[in-house]
Amino acid sequence: MAAILTDLGEEYTLETALAGVSLTVGLYNDSTDAVSDTDDISDLTSEPSDGNYARQSDTFNLSDNGSGNWQLDNDNQLTFDVTNTTGTVDSYFIVANFQADDTGDGSATDHMIATGSLSQSRDLSQIDTLNVSAGTVGFSLD
């Protein structure tokens, strides 16, 4: 017997757990950090820490990715003010605040729940604003 999460199961899981929820998005360089399945925010060494950079929040909603799978993605453009910020970024990470059993949290804590690639690598010292289009930050269950 197969043990799978069906397409409807994917939709249900994402819809009931996270659709309509505001999540926080940050930037980092995966070429440096090479994030793996067991990593959390504390494992990131390349998230910018200077200039005007700050993580951004947006509402995430469910959409059909056209491949028969459901995904959550950002509703609005994310605008990062990176004036006076140095470093290079090529990826984003998504943060949710919850009490994780996996890490033995005693209370709700920020955790990295997903990552993804930006459309291209960006040297932040060369720009003042980095815009990430609506619908391009997210994740799916497959």
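Summary of the structure given here. (Residues numbered from 1 in each chain as written. Predicted model: local features only at pLDDT ≥ 70, side-chain atom pairs only at ≥ 80, totals over all residues. Heavy atoms only, no water.)

Structurally, the position occupied by Thr85 is in the loop between strand S4 (78-81) and strand S5 (88-98). For Thr85, a relative accessible area of 1% puts it in the buried group. Contacts of Thr85, omitting those with residues within four sequence positions, involve Pro48, Asp50, Gly51, Asn52, Tyr53, Leu124 and Ser125. (Helix = DSSP H or I, 4+ residues; strand = E, 2+ residues; numbered from the N terminus. Buried < 20%, exposed > 50% of the residue type's maximum accessible area, 1.4 Å probe, protein only. Contact = heavy atoms within 4.5 Å.)

So, about the sheet that holds S5. As a general point, the strands of a sheet are linked pairwise by backbone hydrogen bonds and lie either parallel or antiparallel. Judged by pairing direction, the sheet is antiparallel, and its six strands sit side by side in the order S6-S5-S1-S2-S3-S8 without closing on themselves. With partners counted over all chains shown, the strands left at the sheet margins are strand S6 (109-123) and strand S8 (138-140), one partner each. Strand-to-strand twist of the sheet, defined as the mean angle between neighbouring strand axes without regard to direction, takes the value 30°. Across five bridges, strand S1 (residues 21-28) lies against strand S2 (residues 56-64) in antiparallel orientation. Looking at S2, one finds that Ser22 is bridged to Thr59. Helix H1 (residues 7-17) rests against S1, S2, strand S3 (70-74) and S8 of the sheet, and its axis sits at about 30° to S3. (Pairing = 2+ DSSP bridges. Axes fitted to C-alpha atoms, helices over the stretch in contact; angles between N-to-C directions.)

Below, the discussion takes up the side chain of Asp73. Within the secondary structure, Asp73 sits in strand S3. At 2.8 Å, the side chain of Asp73 forms a polar contact with the side chain of Gln71. If near-sequence neighbours (up to four positions away) are discounted, Asp73 is found in contact with Thr59, Phe60, Asn61, Ser63, Gly135, Val137 and Gly138. (Polar contact = N/O pair within 3.5 Å; in protein donor to acceptor, adjacent residues only side chain to side chain.)

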